[in-house]
Amino acid sequence: MAGVFFYDGTWTTEEPKIVGPMDHAFWLGSVIFDGGRAIKGWAPDLDRHCARAVASAKAMLMKPTKTAAEIEALCREGIARMGPEAELYIRPMFFIRKGLGAARPDPDSTDFILSVYDAPLPAWAGFSAVMAPFRRPTPEMAPTDAKAACLYPNGARASAFAATQGADNAVMCDALGHVAEFASANLWFAKDGQVITPAINHTFLNGITRQRIITLFKDAGVTVEQRTVKPGELETADEIFSTGNYAKVQPCTRYNGRDMQIGRFATQARELYWHWMEAAPKVV
């Protein structure tokens, strides 16, 4: 895929080869990333994604080598290099080079790289999902307060399980068996005219797009109930949809074998998001 990469003060169109088998990040997974978007010149909530990258690095015992403002400026430069009509994924990353006594990361060896690359938005067509047997960890079990790379393999296992069931995505529960999120996005559903999303309990990220949709719904007079969700509630939901940076808002059109329609709240969420985004100044 076409892209530009910033590392060690230099932009390149080739992926930099930056780690070896003795690097802490390669060996023990001391990597954080964030994921912003650029959509035909708009970069919604880019500042918040950059700020979260710095916060995630600190949560993973790193010493960030760039501020959120510096990362945002680099992101904007990368977006400009890719052109005004591009649909892009923006991925700033911090990672650890060395360990202290092998396992413990050395904060002073924190490094940074930025990738900005073509990633067309998925079509507004819906996806299928099933409940997976894999669960999200609690904060004392894993660094759930960071967007840490080490959290994602279990979500990948859930996605792989979904594929064996003929589905596109998986629903994951928390350690207590309550619905947490999709394997790759935050989860929402509606029942009897009420919009519901699982309450943040620190087992999954309070997504930036999730927060934005809650605010947009509130401004539009739609109340969002954030609470504990039992798995059985999804079986009788009127509609289910996801929010996340990669696809923004997407409807679930088949859950656990039950066909579902694209609902009015998913449609409204998408329309509200696009209206808000397009009212903002473009980056390029």
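Look up: the structure comes first, before these words.
These numbers come from a predicted model, not from an experiment. (Residues numbered from 1 in each chain as written. Predicted model: local features only at pLDDT ≥ 70, side-chain atom pairs only at ≥ 80, totals over all residues. Heavy atoms only, no water.)

*Asks:* Tell me about the layout of surface pockets, and name the residues and values.
*Replies:* Estimates place the volume of the largest pocket at around 800 Å³. As for the largest pocket, its lining consists of 40 residues, and the residues nearest its centre are Lys147, Tyr152, Ser184, Ala185 and Gly244. Going through the elements one at a time, α2 (46-59), α4 (152-164), α5 (208-219), β15 (239-244) and β16 (248-255) are the ones with two or more residues in the lining of the largest pocket. Of the residues in the lining of the largest pocket, the class split is 18 nonpolar, 16 polar and six charged. What the second largest pocket holds in volume is close to 350 Å³. For the second largest pocket, the lining is made up of 17 residues, of which Glu15, Arg91, Met93, Ile113 and Ser115 are closest to its centre. Elements with a minimum of two residues in the lining of the second largest pocket: α1 (24-28), β5 (87-96) and β8 (110-118). (1 Å grid on protein atoms, 1.4 Å probe; cavity = no way out; pocket = protein on both sides within 12 Å on 5 of 7 lines; lining within 4 Å. Points joined across faces, edges and corners; volume = space filled by probe spheres on them. Helix = DSSP H or I, 4+ residues; strand = E, 2+ residues; numbered from the N terminus. Nonpolar A, V, L, I, M, F, W, Y, C, P; charged D, E, K, R; others polar.)

*Asks:* Explain the pairing of strand β11 (residues 179-182) to me, and be specific about the residues and the numbers.
*Replies:* Across a regular strand the side chains alternate sides, sitting on one face of the sheet and then on the other. As paired strands, strand β10 (residues 169-173) and β11 are joined by three bridges and run antiparallel to one another. By the bridge assignment for β11, methionine 172 is matched with glutamate 181. Between β10 and the antiparallel strand that follows it, β11, lie five residues; glycine 177 among them carries a positive phi value of about 90°. (Pairing = 2+ DSSP bridges.)

*Asks:* Can you break down the pattern of salt bridges residue by residue, with the values?
*Replies:* Using the criterion set out here, one finds 14 salt bridges in the structure. With its nearest N and O atoms 3.9 Å apart, the salt bridge here joins glutamate 85 to lysine 40. Here glutamate 85 is found in the loop between α3 (68-82) and β5, whereas its partner lysine 40 is found in the loop between β4 (36-39) and α2, with 45 residues between them in sequence. A residue is classified by how much of its surface remains accessible, and glutamate 85, at 54% relative accessible area, is exposed. Classification of lysine 40 as partly exposed rests on a relative accessible area of 34%. Among the ionic pairs, arginine 48 bridges to aspartate 45, the shortest N-O distance being 4.0 Å. In this structure, a network of salt bridges that share partners links the residues Asp23, Arg97 and Asp111. (Salt bridge = Lys/Arg side-chain N within 4 Å of Asp/Glu carboxyl O. Buried < 20%, exposed > 50% of the residue type's maximum accessible area, 1.4 Å probe, protein only.)

*Asks:* Explain the nonpolar core to me, using residue names and the numbers behind them.
*Replies:* Counting 30 residues, the largest nonpolar core has Ile32, Ile90, Phe94 and Leu114 as its most contacted members. For this core, the secondary-structure elements that each account for two or more residues are β1 (3-7), α2, α3, β5 and β8. The contacts of isoleucine 32, once residues within four sequence positions are left out, are Ala53, Ser56, Ala57, Met60, Met62, Pro92, Met93, Phe94, Lys147, Ala148 and Ala149. (Core = buried A, V, L, I, M, F, W, Y, C linked by side-chain atoms within 4.5 Å. Contact = heavy atoms within 4.5 Å.)

*Asks:* Just give me the short version of unusual backbone geometry, but keep the residues and values in it.
*Replies:* Its identity as a non-glycine residue notwithstanding, aspartate 45 has a phi of 55°, on the positive side. Looking at the element boundaries, aspartate 45 is found in the loop between β4 and α2. Judged by its relative accessible area of 8%, aspartate 45 falls in the buried class.

*Asks:* Let's hear about the state of the cysteines: which residues, and what values?
*Replies:* Under the counting rule described, the total for this entry stands at zero disulfides. Looking at cysteine 50, it has no disulfide partner, and the nearest cysteine sulfur is the one in cysteine 75, 4.0 Å off. Using a relative accessible area of 1% as the deciding quantity, one classes cysteine 50 as buried. (Disulfide = S-S within 2.5 Å.)

*Asks:* Could you give an account of α2, with specific residues and numbers?
*Replies:* In a regular helix each residue adds 1.5 Å, so 14 residues correspond to 20 Å; α2 covers 20 Å between its end C-alpha atoms and thus fits that length. When we look at burial in α2, the residues that qualify are Leu46, His49, Cys50, Arg52, Ala53, Val54, Ser56 and Ala57. On its buried face, α2 sits against β3 (31-33), β4, α3, β5 and α5. (Expected span 1.5 Å × (residues − 1).)

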